[in-house]
Structure formats: C-alpha cells, structure tokens
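Structural features, examined
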Amino acid sequence: MSSAEPVIRSRQTEKEVNGISTQVVCTEFSNYIFIVLTQYGKMGTLISVTPDSRSNDIGTPAFSTKVLLGKDEPLTHVCAKNLATFVSQEAGNRPVLMGLALKDSTIDAIKQMKEIIKSCQVW
C-alpha cells in the first residue's frame, strides 16, 4: 500500500495563553471542520457554527451558533463565533463543530487562541 493522504487530516498543538496551557486539535471531515480548544484537558461544550444561507450580504455571510452539548451561555456563543468564523470562511464556508473548555475567555486570550488554531490549519 502506498503512502496515500490520510482519509481524515488532523493536527494538534499545545501553547501557553496568558500562562494557561491550551491544547488545540483541528480535524477536517468532508462536511465539517472539527476543532477542540481546551484549557481543562476535556472537550467541554460542543457548539455548531454554521454560515447562514439566508444572509443577503454578498460579502461575508452571517453565522449562527448552536450549543449541541454542554452549558448554553451567551459567552459560549460569542467565543465560538469569534474563534470559528475565519475557519469556516477559509474552508469555503463549511460549518465548524467546536469543543470549547476555556478558563480564560478575555479578548486577548481569544486573539491568541485564533493564532493557535491557524497554526493547526487542516482546511
């Protein structure tokens, strides 16, 4: 058997964000990009971030978030949308499934986490 491209591509890394160990795993499936971002070593809350097909704006589509598992809090939606929107756009507007378990959800931390996600790009 030749060394063919794996069926499911995945990359992971671990970095410090404001002194907190943060792990990221990005996996590409045919219909979704799956990202786990954790500062607890657990998957955490599972959120679906999808481009809104009803958006009339020719530029950037609107995105909707839905908590599938875990605590459904407004901050969870804000963090997921901020972290996953660029991934969906770069992946041809594919939906993103995100597992979030964050100790630090400040604006600065979210910016750093976006960079970590970019370093694990599989799309």
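Keep in mind it's a predicted model, so treat the numbers as computed, not measured. (Residues numbered from 1 in each chain as written. Predicted model: local features only at pLDDT ≥ 70, side-chain atom pairs only at ≥ 80, totals over all residues. Heavy atoms only, no water.)

Quick look at the pattern of salt bridges
Selection rule: The term salt bridge refers to a side-chain nitrogen of Lys or Arg lying within 4 Å of a carboxyl oxygen of Asp or Glu. Throughout this description, buried means an accessible area under 20% of the type-specific maximum (1.4 Å probe, protein chains only), exposed means over 50%, and partly exposed covers the range between.
With the rule as written, the count across this model stands at 4 salt bridges. The residue Lys-71 makes a salt bridge to Glu-73 at a minimum N-O spacing of 3.9 Å. Using a relative accessible area of 58% as the deciding quantity, one classes Lys-71 as exposed. Here Glu-115 makes a salt bridge to Lys-118, at a shortest N to O gap of 3.5 Å.

Some points on the layout of surface pockets
Let me state the cut-off plainly: Grid points spaced at 1 Å over the protein atoms alone were grouped into cavities, where a 1.4 Å probe fits but cannot get out, and pockets, open sets with protein on both sides within 12 Å along at least five of seven lines, with lining residues defined by an atom within 4 Å of a point. Grid points are joined across faces, edges and corners, and a volume is the space filled by probe spheres set on the points. The numbering of helices and of strands both runs from the N terminus, where a helix is a DSSP run of H or I of at least 4 residues and a strand a run of E of at least 2. Asp, Glu, Lys and Arg are counted as charged, while Ala, Val, Leu, Ile, Met, Phe, Trp, Tyr, Cys and Pro are counted as nonpolar; the rest, among them Gly, fall into the polar class.
One number sums up the size of the largest pocket: a volume of about 220 Å³. Residue lining of the largest pocket: Lys-42, Gly-44, Thr-45, Lys-71, Glu-73, Leu-75, Thr-76, Cys-79, Leu-100, Ala-101, Leu-102 and Ser-105, and that is the complete set. Secondary structure elements with two or more residues in the lining of the largest pocket: helix 1 (74–90) and strand 6 (96–101). Residue classes in the lining of the largest pocket are distributed as 5 nonpolar, 4 polar and 3 charged.

Points about unusual backbone geometry
Of note, the phi angle at Asn-18 is positive, near 50 degrees, even though the residue is not glycine. Take Asn-18: it is sitting in the loop between strand 1 (9–17) and strand 2 (20–28). The phi dihedral of Asn-93 falls on the positive side, at around 60 degrees, and the residue is not glycine. Mapped onto the fold, Asn-93 is located in the loop between helix 1 and strand 6. Given the relative accessible area of 36%, Asn-93 is considered partly exposed.

So, the pairing of strand 2
What counts is decided by this rule: Strands were regarded as paired on the criterion that DSSP finds at least two bridges between them.
Two strands pair when backbone bridges link them, and strand 1 and strand 2 are joined in this way by 9 bridges, in the antiparallel orientation. Looking at strand 2, one finds that Arg-9 is bridged to Glu-28. The antiparallel hairpin formed by strand 1 and strand 2 contains 2 residues in its connecting segment, where Asn-18 sits at a positive phi of about 50 degrees. Taking the residues that link successive antiparallel strands as the turn, the strand 2-strand 3 (residues 33–38) hairpin has 4 residues.

Observations regarding the nonpolar core
The condition is simple: The set of buried Ala, Val, Leu, Ile, Met, Phe, Trp, Tyr and Cys residues whose side-chain atoms join them within 4.5 Å is what this entry labels a nonpolar core.
Counting 28 residues, the largest nonpolar core has Ile-35, Ile-117 and Trp-123 as its most contacted members. Listed by contribution, the elements that provide at least two residues to this core are strand 2, strand 3, strand 4 (45–51), strand 5 (63–69), helix 1, strand 6 and helix 2 (107–119). If you tally residues by element for this core, the top one is helix 1, at 6 residues.

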